[in-house]
Amino acid sequence: MHRKIIITGTSCTGKTTLGRKLAEEFGITQIDLDDLHFLPNWVEKENDIFINEVNDIVDDLDDWIVSGSYQTVLKDTLWQKASVIVWLDYPLNLIFRRCCIRTFRRIVYKEKCCGDNYESISRMLFTENMFVWILKTYWKRKRRLDSWSNGIFAHKNWIVLKNPKEEVKLYNSL
C-alpha cells in the first residue's frame, strides 16, 4: 500500500518540520505547500496554477508527504488522493510560542521561508501579522477538520495529535 500523507493544522504547528522528519525516516518525498504557493516578494500563485502544480507533483509519485494548510483549495484534488491525514491539533499557547520562536529565528538568521522569501519585523508586525492570522484561522480550521474527519473524509485514516509528544504514534501508524 502506498503512503499518501497530508500533514495539516493551523499555522506554526510544525507541519513542515514533521513532514521532513517523516520523509527522512521513511524515504518518501516531502512537499511543502508554502514553498509551492509563494512566489518571490510574497506573491501568491493563482489557485488554479497552484492546484495543478501540486497535483502534477504528487501524480508522479507512488508515496508522498504533503505539509500545509491549503485545505479548502486542495479539498477536491489532493485530499481525495490522500490515504492518511495527520492533523496537528495543538493548543493555542503552544502555537503562539512556536510562532514567536520561529519568527525571531527567521528574522535574526535571515532564514528563507515560503519559497524564496524572508520574514521581517515590519512584515510580522504590520503587513502579515501571524498572531492575528492564527487567531483568525485557528477555530475555523479546527471546526472544518473536525467536520471533515467525521464527514466527507471520514473514510481516510486520521491521526490526530494533540501535542508534539504524540508524534511517536506516527512511526507505528504509517
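That block above? That's the structure.
Notes on the structure in this doc start here.

About the cut-offs
- Residues numbered from 1 in each chain as written.
- Predicted model: local features only at pLDDT ≥ 70, side-chain atom pairs only at ≥ 80, totals over all residues.
- Heavy atoms only, no water.
- Core = buried A, V, L, I, M, F, W, Y, C linked by side-chain atoms within 4.5 Å.
- Buried < 20%, exposed > 50% of the residue type's maximum accessible area, 1.4 Å probe, protein only.
- Helix = DSSP H or I, 4+ residues; strand = E, 2+ residues; numbered from the N terminus.
- Contact = heavy atoms within 4.5 Å.
- Phe/Tyr/Trp six-rings, centres within 6.5 Å; stacked < 30°, edge-to-face > 60°.
- Lys NZ or Arg CZ within 6 Å of the ring centre and 35° of its normal.
- Polar contact = N/O pair within 3.5 Å; in protein donor to acceptor, adjacent residues only side chain to side chain.
- Pairing = 2+ DSSP bridges.
- Axes fitted to C-alpha atoms, helices over the stretch in contact; angles between N-to-C directions.

Right, let's talk about the nonpolar core for a bit. Counting 25 residues, the largest nonpolar core has Trp64, Leu74, Leu78, Trp79 and Trp158 as the members making the most contacts within it. Counting only elements with at least two residues in this core, the list comes to helix 2 (33-37), helix 3 (47-59), strand 3 (64-67), helix 5 (78-81), strand 4 (84-88) and helix 8 (130-150). Examining the composition of this core, we find that four residues originate from one element, helix 3, more than from any other. With residues up to four places along the chain from it excluded, the contact list for Leu74 reads Leu33, Phe50, Ile51, Val54 and Trp79. Membership of the second largest hydrophobic core comes to 24 residues, among which are Ile7, Leu22, Ile65 and Met124.

What follows is about the packing of aromatic side chains. Per the counting criterion, the structure on display carries 10 aromatic pairs. Arranged with centres 5.3 Å apart and planes meeting at 70 degrees, the rings of Trp148 and Phe153 form a pair that is edge-to-face. Look at Phe153 and you get buried, because its relative accessible area is 1%. In this structure an aromatic cluster arises from ring pairing among Trp79, Trp87, Trp148, Phe153 and Trp158. Above the plane of the ring of Phe26 lies Arg3, whose end atom (NZ or CZ) is 4.3 Å from the centre.

Along the chain, Asn117 falls in strand 6 (residues 117-118). For Asn117, a relative accessible area of 2% puts it in the buried group. Within the local environment of Asn117, its side chain forms a polar contact with the backbone oxygen of Leu39, the two atoms lying 3.1 Å apart. Reaching out from Asn117, the side chain makes a polar contact with the backbone nitrogen of Trp42 at a distance of 2.9 Å. The residues contacting Asn117, other than those within four sequence positions of it, are Phe38, Leu39, Pro40, Asn41, Trp42, Glu111 and Lys112.

Attention now goes to the environment of Asn163. Mapped onto the fold, Asn163 is located in the loop between strand 7 (157-161) and helix 9 (168-173). Overall, Asn163 belongs to the partly exposed group, its relative accessible area being 28%. Distance in space between the C-alpha atoms of Asn163 and Met130 is 20 Å, their sequence separation being 33 residues. Of note is the side chain of Asn163, whose polar atom sits 2.9 Å from the backbone nitrogen of Lys165.

The subject of this paragraph is the sheet that holds strand 4. Spatially, the five strands line up as an open sheet ordered 2-3-1-4-7, and their pairing is parallel. Each edge of the open sheet carries a strand with a single partner, namely strand 2 (29-32) and strand 7. Strand-to-strand twist of the sheet, defined as the mean angle between neighbouring strand axes without regard to direction, takes the value 20 degrees. Taken together, the four bridges between strand 2 and strand 3 define a ladder with parallel strand orientation.

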